[in-house]
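Here is how the chains run, residue by residue.
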Amino acid sequence: MICPACGSRHFAPVKIEGGLPAERCADCQGAWVELDRYRSWRKSRPEVAAPEYAGDISQVNEPVRVCATSGRLMTRIKVSNDNPLRLDYSAMAQAVWLDKGEWERLLDMGLHDQLDAIVSERWQNDLKHAASRERAEKAMRLRFGDAAYEQLAQMRSWLAAQPNQSEMIAFLNAKAD
Ligand SMILES: [Zn+2]
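By the naming in an unreviewed UniProt entry, the chain is Transcription factor zinc-finger domain-containing protein, taken from Massilia mucilaginosa.

Undergrad: Can you explain the UniProt feature "domain: Transcription factor zinc-finger" (unreviewed entry) in the chain? Please cite residues and give values.
TA: Listed under "domain: Transcription factor zinc-finger" (unreviewed entry) in the UniProt record, and renumbered for this structure, are residues 2-41. In this annotation, residues 2-41 is assigned 18% helix and 40% strand; the end-to-end C-alpha distance for the span is 24 Å.

Undergrad: Can you break down the pairing of strand S4 (residues 75-80) residue by residue, with the values?
TA: Taken together, the 5 bridges between S4 and strand S5 (residues 83-90) define a ladder with antiparallel strand orientation. Its bridge partner lying in S5, Ile77 is registered against Leu87.

Undergrad: Residues and numbers for the packing of helix H4 (residues 121-144) against helix H5 (residues 146-160), please.
TA: At a closest axis distance of 7 Å, the pairing of H4 and H5 adopts a crossing angle of 125°. Taken as axis vectors, H4 and H5 run oblique relative to one another. The interaxial crossing formed by H4 with H5 has right-handed handedness. Together, Met140, Arg141 and Phe144 of H4 and Asp146, Ala148, Tyr149 and Leu152 of H5 make up the contact between the two elements.

Undergrad: An account of the nonpolar core is requested, with residue identities and associated values reported.
TA: When a protein is soluble and globular, its nonpolar side chains tend to lie buried together. Among the nonpolar cores identified, the biggest contains 24 residues, and Ala31, Trp32, Val33, Val96, Trp97 and Leu98 are the most heavily contacted of them. Those elements that provide at least two residues to this core are strand S2 (20-25), strand S3 (31-34), S5, strand S6 (95-98) and helix H2 (102-109). For this core, the element with the highest residue contribution is S6, accounting for 4 residues. When residues no more than four places from it in sequence are discounted, the contact partners of Trp32 are Met1, Ala22, Glu23, Ala68, Ala95 and Trp97.

Undergrad: Let's hear about the sheet that holds S6: which residues, and what values?
TA: Here we have 6 strands laid out as an open sheet, ordered S1-S2-S3-S6-S5-S4, and antiparallel in their pairing. The two strands at the open ends of the sheet, each matched to only one other strand, are strand S1 (11-16) and S4. On average, each strand axis in the sheet is inclined to that of its neighbour by 35°, with strand direction left out of account. Set on the sheet, helix H1 (residues 35-44) makes contact with S2, S3 and S6; between it and S3 the angle comes to about 75°.

Quick notes on the rules
Once a new chain begins, its residue numbering starts again from 1 and follows that chain's sequence as written. Thresholds applied to this predicted model are a pLDDT of at least 70 for local features of residues and 80 or more for the giving and counting of side-chain atom pairs; totals over whole chains, interfaces and linings are not thresholded and use all residues. UniProt positions are given in the numbering used here, feature names are shortened, and annotations may be inferred rather than shown by experiment. Secondary structure follows DSSP: runs of H or I at least 4 residues long count as helices, runs of E at least 2 residues long count as strands, and numbering of each begins at the N terminus. Strand pairing is assigned whenever DSSP identifies at least 2 bridges connecting the two strands. Between N-to-C directions, angles span 0 to 180 degrees; the directions come from axes that are lines fitted to C-alpha atoms, helices contributing only their stretch in contact. The labels follow the angle: roughly parallel below 35 degrees, roughly antiparallel above 145, roughly perpendicular from 65 to 115, and oblique for the rest. Take the far helix as the reference: if the near one is turned anticlockwise from it by less than a right angle, the crossing is left-handed, and if turned clockwise, right-handed. Contact between two residues is assigned when their C-beta atoms, built from the backbone, lie within 7 Å. Nonpolar cores are built from buried Ala, Val, Leu, Ile, Met, Phe, Trp, Tyr and Cys residues. These are joined into a set through C-beta atoms within 7 Å. Exposed residues have 12 or fewer other C-beta atoms within 10 Å of their own C-beta, buried residues have 20 or more, and partly exposed residues fall in between, where C-beta atoms are placed from the backbone.

This is the structure in structure tokens:
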């Protein structure tokens, strides 16, 4: 194994907080977590309490990393839209690289038992859709003003609940005589 973060070859098996088995880099203290082991750990784990954590987290603009076992480039993945935390994921190795402190950050966010969901295409797509909805809302608020936007949003959800919504929309679109 070659450490994706610092290039070290010195790894030792550890149980990171909560008893999750991983390989820890002796030089940078990051951890290599295989999703298979993660899943069995999650099935059997006792409840873990979130520790206080206030350390540094990895920066978004760090260089792309190389998978410790396959040598392929890893994918930098978002955890949520409003948190700067990014994890490195190798689809080839089915493993996640956690920099020192990132596991504790996941615990803080209550997402430590969602690691395999976070790396899934579905989670990542949901984040993208939520982000583009937010961007669209911001643009419409700028264009129409907050008050008009609120009215429109209310009208839209009311329309969505009507059985004959397409006729109603056609009516709204029709030019009055
Ligand atoms: Zn390292």
